[in-house]
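Spelled out from the first residue to the last, the chains are:
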Amino acid sequence: MSSAKYHQIKDHILTQIRSGQWQEFQRVPSENQLAQQFAVSRMTARRALSELTDAGILTRTQGLGSFVASFKSQSSLLEIRNIADEVRERNHSYSCAPVTLESIDAIAPIAIALGVEPGEQVYHSVLVHFENDAPLQVEERFVNPELAPNYLQQDFHTLTPHEYLSQVAPLTEARHTVEAITPNQQMCTWLNLYNEEPCLQVIRRTWSQRGIVSFARLVSPGSKYRLGGHLTFTKRS
């Protein structure tokens, strides 16, 4: 029951923001007020507020409460782009080789990342993206079947997962973790690396209005790929 109520609180807050009822920087109801309104514990209300804060939808100020975040500040520092478009913009040829397309039982870390129960069926894909026939990136992705039911039926030789998911579950939110890693032997084989060249790894979770869509790991040779972004600062009046 508390889990259902927790989702109701999040949906209520998001609806108020999307409808324009709550404007940026507006104070939202407190934990106590939400707990009373939805007949739940303060812990349940706090979880809803905390997750929306982590996602950049709300900001919290000690002693003052929670506020709707600046709409501009919700843009990710890392732009979500289609890798095929990036390659073609360089006037190079793009291609893709699917390695794995399957349905699997979600182990605990994957279930948590996708917001499903452990053991539930999720979709799993591994693809290698190429630029001028040279491996550029390995993309391992776990997808929530409820939000992209025909994912495994797509021809990823001609359509990237990003393109397909943007069509069926438009992106509303994303979170990234970026780090340098030493690739294992399997990754070296996929990327055609002859030594343990440092690689750039991006861990990305994406949301649509209906929930968490996918959890992906993107790995590229450090010598062939880089990330950039544009950060906009807003000034409160």
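This text follows the structure it describes.
Calculation notes
Residues numbered from 1 in each chain as written. Predicted model: local features only at pLDDT ≥ 70, side-chain atom pairs only at ≥ 80, totals over all residues. Heavy atoms only, no water. Pairing = 2+ DSSP bridges. Helix = DSSP H or I, 4+ residues; strand = E, 2+ residues; numbered from the N terminus. Axes fitted to C-alpha atoms, helices over the stretch in contact; angles between N-to-C directions. Contact = heavy atoms within 4.5 Å. Buried < 20%, exposed > 50% of the residue type's maximum accessible area, 1.4 Å probe, protein only. Phe/Tyr/Trp six-rings, centres within 6.5 Å; stacked < 30°, edge-to-face > 60°. Expected span 1.5 Å × (residues − 1). Arc of directions from axis to C-beta.

All right, on to the sheet that holds strand 3 (residues 94–105) then. Spatial ordering of the open sheet is given by 3-4-5-8-7-6, a layout of six strands whose pairing is antiparallel. Looking at strand neighbours, the two that pair on one side only are strand 3 and strand 6 (173–181), the edges of this open sheet. Averaged over neighbouring strand pairs, the angle between their axes works out to 15° when direction is ignored. Packed onto the sheet, helix 6 (residues 161–168) meets strand 4 (121–131), strand 5 (134–143) and strand 8 (211–221) and runs at close to 35° relative to strand 5.

Okay, unusual backbone geometry next. Unusually for a residue other than glycine, Ala 39 sits at a positive phi of about 55°. Considering the arrangement of structural elements, one finds Ala 39 in the loop between helix 2 (31–38) and helix 3 (42–54). Backbone geometry at Asn 132 places phi at a positive 50°, although glycine is not the residue there. With respect to the secondary-structure elements, Asn 132 resides in the loop between strand 4 and strand 5. Overall, Asn 132 belongs to the partly exposed group, its relative accessible area being 40%.

Two aromatic rings, taken as a pair, are described by how far apart their centres are and by the angle between their planes. Overall, the coordinates contain four aromatic pairs when judged by the stated rule. Seen in terms of ring centroids, Tyr 151 and Tyr 164 are 6.2 Å apart; in terms of plane orientation they differ by 50°. Their pairing is tilted. With Tyr 151 in the loop between strand 5 and helix 6 and Tyr 164 in helix 6, this residue pair connects regions lying 13 residues apart in the sequence. Judged by relative accessible area, which is 0%, Tyr 151 ranks as buried. Take Tyr 164: its relative accessible area is 5%, and that puts it in the buried class.

Here helix 3 is 13 residues long and its end C-alpha atoms lie 18 Å apart, about the 18 Å a rise of 1.5 Å per residue gives. Listing the buried residues of helix 3 in full gives Thr 44, Ala 45, Ala 48, Leu 49 and Leu 52. Projected down its long axis, helix 3 carries its buried residues within an arc of 135°, all on one side. For helix 3, exposure combined with an orientation more than 90 degrees from the buried face picks out Met 43 and Asp 54. Remark: Gly 56 follows helix 3 within two positions and exhibits a positive phi of approximately 85°.

Functional significance is not addressed by these values, which are geometric in nature.
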